[in-house]
Amino acid sequence: MTLLIIIIVLALIFDYINGFHDAANAIATVVATKVLTPFQAVLWAAFFNFLAYWVFGFGVADTVAKTAHTMEINLVVILAGVIAAICWNLLTWWLGIPSSSSHTLIGGFAGAAVAHAIAVHGFSGYVGEDGTTHYWYEIVSWYKAGKDGGMPSGVLIIIAFIVLAPLLGALASYLISIWLLNASRKVIGPKIFTVVLMIATVWVVSRLMVPYEEIVEHGKPRFDSHFWSVAFDPHNIKWLLVAFIILTVSGFCLIFSSLNLHQADAALKKMQLLSSAAFSLGHGGNDSQKVMGIIAAAVAVYINTNPGVHMASWLDVVLPNDDMGIKGVMPGWIPLACYSAIAAGTLSGGWKIVKTMGSKITKVTSFEGVAAETAGALTLYFTEHLKIPVSTTHTITGSIIGVGLTKRVSAVRWGVTVSLIWAWILTIPISAILAGLVYFILSIFM
């Protein structure tokens, strides 16, 4: 039990570090464009990091918890993974490299699990409890097909989104920038497109909303009121936020051409507050869930390695299993603690990375800030809906590159960008190797 408590404390420390390491993701552009002072910006981002507690479900947490097969590992594996993730995060923060805290954690977890499998079974095959032959690399959940044609999961999908998340962010920010640029012209075409988009957004979101009857069928509603239960259902609230973001930008596009330069700049700066808030919300929801997943996996492993143990109600965690029809259970203090830790970390700020994100990749104005953060927020909501733990760092970096490309290719400082990409590519393997080494060291003493 002592080791389990240590892991939970270290996981929350990692969450805190994640907050100040990734603070730059949400605040770099509002600081670079002088919409907010650095202190105001971290307060703003921290508030919306914490607000995500009431917005998001636990889909990403479930994916992270199942990075390795919890029936085949012990608590030392998770401890090694968390220690390795903390070390790599602190190193990249010190060097001012905006690497991914998410991939650091997943790489550490997977690397320690592989080291454990090699230590226990060696490189040769072994017969598992199911009577079939298994190999050391199968301890990690590399790929699992989606249920009923849904989105597949596993470490390979997470690795694929190292490329896909920044590309989606870049594409979205490029298209939003083109849309805003055309909306500034005194022609009717962009306005017709904007109205059609608004109608399409309302129609699509209304079709995706989960009705009250379905909410009751799947569990207890959050409120007695039908309206508030539907509005604040984790699935529905994400789509309502997407609609709110698109409709707000659309409203601005309809009046953009009638504003003079000073009015347009003032309006864009106000919109930057909205876009940075939306991105901070996505950051809090996406990154806090990864730590929830690690804590849930640690409790599951403790129960597996101590059969018959009676768990206190505050540690009553059940990992969901769609194949067996088991619903997940997570005590309320775990998400509350995780969201609080990341918000506190964001308040601490990470000024070394702010400089890289806010000015070194490309020069950012209020116009570009709105486009980049809106694109980043929409990408995070989309991937969270698919239960994929993506990197908020990669997403916002891709979005900033996307707005830079609307000016010209040379507007992006590719030397800085290439060095960032190398950091992204190396994060998972280095974290995995580091976690493996930490596991072997810990195994000597534990």
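Residues numbered from 1 in each chain as written. Predicted model: local features only at pLDDT ≥ 70, side-chain atom pairs only at ≥ 80, totals over all residues. Heavy atoms only, no water.

## As for the overall build of the protein chain
Right, on to step 1. Looking only at helices and strands, one finds 16 helices and 2 strands in the protein chain.
Right, on to step 2. Taken across its 446 residues, the protein chain has 53% of its residues classed as buried.
Right, on to step 3. Put simply, 80% of the contacts in the protein chain that link residues at least 6 apart link residues at least 24 apart.
Right, on to step 4. Working note: accessible area of the protein chain is about 19,300 Å², and carbon and sulfur atoms make up 71% of it. (Helix = DSSP H or I, 4+ residues; strand = E, 2+ residues; numbered from the N terminus. Buried < 20%, exposed > 50% of the residue type's maximum accessible area, 1.4 Å probe, protein only. Contact = heavy atoms within 4.5 Å. Areas by Shrake-Rupley, 256 points an atom, 1.4 Å probe, with all protein chains shown as cover.)

## Quick word on the packing of helix H5 (residues 101-121) against helix H11 (residues 261-305)
Right, on to step 1. The interhelical angle for the contact between H5 and H11, taken along N-to-C directions, is 20 degrees, at an axis separation of 10 Å. Our classification of the angle between H5 and H11 gives roughly parallel. Between H5 and H11 lies a crossing whose hand is left-handed. Packed against H5, whose contacting residues are Ser102, Leu105 and Phe109, the element H11 presents Asp287, Lys290, Val291, Ile294 and Ala297 at the interface.
Right, on to step 2. Of the residues contributing to the contact of H5 with H11, the split by class is 5 nonpolar, 1 polar and 2 charged. (Axes fitted to C-alpha atoms, helices over the stretch in contact; angles between N-to-C directions. Parallel < 35°, antiparallel > 145°, perpendicular 65-115°, else oblique. Left-handed = near helix turned anticlockwise from the far one by under 90°. Nonpolar A, V, L, I, M, F, W, Y, C, P; charged D, E, K, R; others polar.)

## Here we look at the packing of aromatic side chains
The way to describe two aromatic rings as a pair is by their centre distance and the angle between their planes.
Right, on to step 1. On inspection of all chains with the given rule, the structure shows 11 aromatic pairs.
Right, on to step 2. The interplanar angle of 85 degrees and the centroid separation of 5.7 Å between the aromatic rings of Phe123 and Trp136 together place this pair among those described as edge-to-face. One end of the pair, Phe123, is in the loop between H5 and strand S1 (126-127); the other, Trp136, is in the loop between strand S2 (133-134) and helix H6 (155-183), with 13 residues separating them in the sequence.
Right, on to step 3. Residue classification places Trp136 among the partly exposed positions, given a relative accessible area of 25%. (Phe/Tyr/Trp six-rings, centres within 6.5 Å; stacked < 30°, edge-to-face > 60°.)

## So, the environment of Met198
Right, on to step 1. Counting through the fold element by element, Met198 comes out in helix H7 (residues 189-208).
Right, on to step 2. With a relative accessible area of 23%, Met198 lands in the partly exposed category.
Right, on to step 3. Considering only alpha carbons, one finds Met198 and Thr248, 50 residues apart in sequence, at a separation of 9.5 Å.

## Section: the packing of H6 against helix H10 (residues 234-256)
Right, on to step 1. Axis separation between H6 and H10 bottoms out at 8 Å; the angle between their running directions is 30 degrees. Looking at the two axes, H6 sits roughly parallel to H10. Residues Trp179, Leu180 and Ala183 of H6 form the contact with H10, whose own contacting residues are Ile246, Val249, Ser250, Phe252, Cys253 and Phe256.
Right, on to step 2. Classifying every residue of the contact of H6 with H10 gives 8 nonpolar, 1 polar and no charged.

## Re the pattern of salt bridges
Right, on to step 1. Inspection of the entire model under this criterion finds 3 salt bridges.
Right, on to step 2. Put simply, Glu384 and Lys238 hold a salt bridge, and the shortest N to O gap is 3.1 Å. Taken together, the residues span a long stretch of sequence, with Glu384 in helix H14 (residues 366-385) and Lys238 in helix H10 at a distance of 146 residues.
Right, on to step 3. Ionic pairing is found between Lys269 and Asp265, a salt bridge with its closest N-O pair at 3.9 Å. Here Lys269 pairs with Asp265, and both are found in helix H11, just 4 residues apart, close to one helical turn. (Salt bridge = Lys/Arg side-chain N within 4 Å of Asp/Glu carboxyl O.)

## Looking at H7
Right, on to step 1. End to end, H7 covers 29 Å across 20 residues, agreeing with the expected 28 Å (1.5 Å per residue, within 8%).
Right, on to step 2. Along H7, the residues that are buried comprise Pro190, Lys191, Thr194, Thr201 and Val205. What you see down the axis of H7 is that its buried residues fit within an arc of 100 degrees, all on one side. Along H7, the residues that are exposed and aim more than 90 degrees away from the buried face are Ile199, Trp203 and Arg207.
Right, on to step 3. The secondary structure elements touched by the buried residues of H7 are H6 and H10. (Expected span 1.5 Å × (residues − 1). Arc of directions from axis to C-beta.)

## Overview of the UniProt feature "transmembrane region" (unreviewed entry) in the protein chain
Right, on to step 1. The UniProt record marks residues 42-61, 73-95, 155-180, 192-210, 239-261, 291-312, 332-354 and 414-442 with the feature "transmembrane region" (unreviewed entry), using the residue numbering of this structure.
Right, on to step 2. Each end of residues 239-261 is marked by a C-alpha atom, and these two atoms are 33 Å apart; helix forms 83% of the span and strand 0%.
Right, on to step 3. The span residues 291-312 is 68% helix and 0% strand, and its two end C-alpha atoms sit 20 Å from each other. (UniProt positions renumbered as here; feature names shortened; annotations may be inferred.)

## Some points on the environment of Val438
Right, on to step 1. By the element assignment, Val438 lies in helix H16 (residues 414-445).
Right, on to step 2. On a C-alpha basis, the gap between Val438 and Ala80 in space is 5.4 Å, while along the polypeptide they are 358 residues apart.
Right, on to step 3. Excluding residues that lie within four positions of it along the chain, Val438 makes contacts with Ala80 and Ile83.

## Details of unusual backbone geometry
Right, on to step 1. If you check the backbone angles, Lys387 has positive phi at about 65 degrees while not being a glycine.
Right, on to step 2. Tracing the chain through its elements places Lys387 in the loop between H14 and helix H15 (392-407).

## Notes on the nonpolar core
Within soluble globular proteins, side chains that are nonpolar tend to cluster in buried spots.
Right, on to step 1. Counting residues in hydrophobic clusters, the biggest one holds 100 residues, and the most contacted among them are Leu4, Ile73, Leu75, Ile78, Phe109 and Ile294.
Right, on to step 2. Ranked by residue count, the leading element in this core is H11, at 17 residues.
Right, on to step 3. Each residue touching Leu75, except ones within four places of it in the same chain, is listed here: Leu3, Leu4, Ile7, Ala298, Val301 and Tyr302.
Right, on to step 4. If you look at the next biggest cluster of nonpolar residues, it comprises 8 residues, including Val30, Val31, Val35 and Ala45. (Core = buried A, V, L, I, M, F, W, Y, C linked by side-chain atoms within 4.5 Å.)

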